[in-house]
Amino acid sequence: MRVLTHPTAPARPRLSSRHSESTMSRYVAPLGFTLAAVWVAVLFVLAGR
């Protein structure tokens, strides 16, 4: 499979930065979901008092 890129764009730095972004989003998304779930739990505990 060929990946179409801009002819003047350097190929290697874009691939490495894209790889680091996908690695970061892989860890940041579950962290954000976990923090949101904890925040909702705290709100429910505080509302129950």
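Structural data are supplied above this passage.
Being a predicted model, the structure only gives us computed values, none of them experimental.

Conventions used here
Residues numbered from 1 in each chain as written. Predicted model: local features only at pLDDT ≥ 70, side-chain atom pairs only at ≥ 80, totals over all residues. Heavy atoms only, no water. Helix = DSSP H or I, 4+ residues; strand = E, 2+ residues; numbered from the N terminus. Buried < 20%, exposed > 50% of the residue type's maximum accessible area, 1.4 Å probe, protein only. Areas by Shrake-Rupley, 256 points an atom, 1.4 Å probe, with all protein chains shown as cover. Patch = residues over 30% accessible without salt bridge, like charges linked within 9 Å, V, L, I, M, F, W, Y side chains within 5 Å. Salt bridge = Lys/Arg side-chain N within 4 Å of Asp/Glu carboxyl O.

Undergrad: Hey, could you go over the overall build of the protein for me, with residue numbers and the actual values?
TA: Summing up its helical and strand segments, the protein has 1 helix and 0 strands in all. Sorting the 49 residues of the protein into buried and exposed places 0% on the buried side. Of the accessible surface of the protein, which amounts to about 4900 Å², a share of 70% is contributed by carbon and sulfur atoms.

Undergrad: Let's hear about a nonpolar patch on the surface: which residues, and what values?
TA: A surface patch of nonpolar side chains, about 480 Å² in accessible area, is lined by Val38, Trp39, Val42, Leu43 and Leu46. Along the chain, Leu46 falls in helix 1 (residues 11-48). Classification of Leu46 by relative accessible area gives exposed; the value is 52%.

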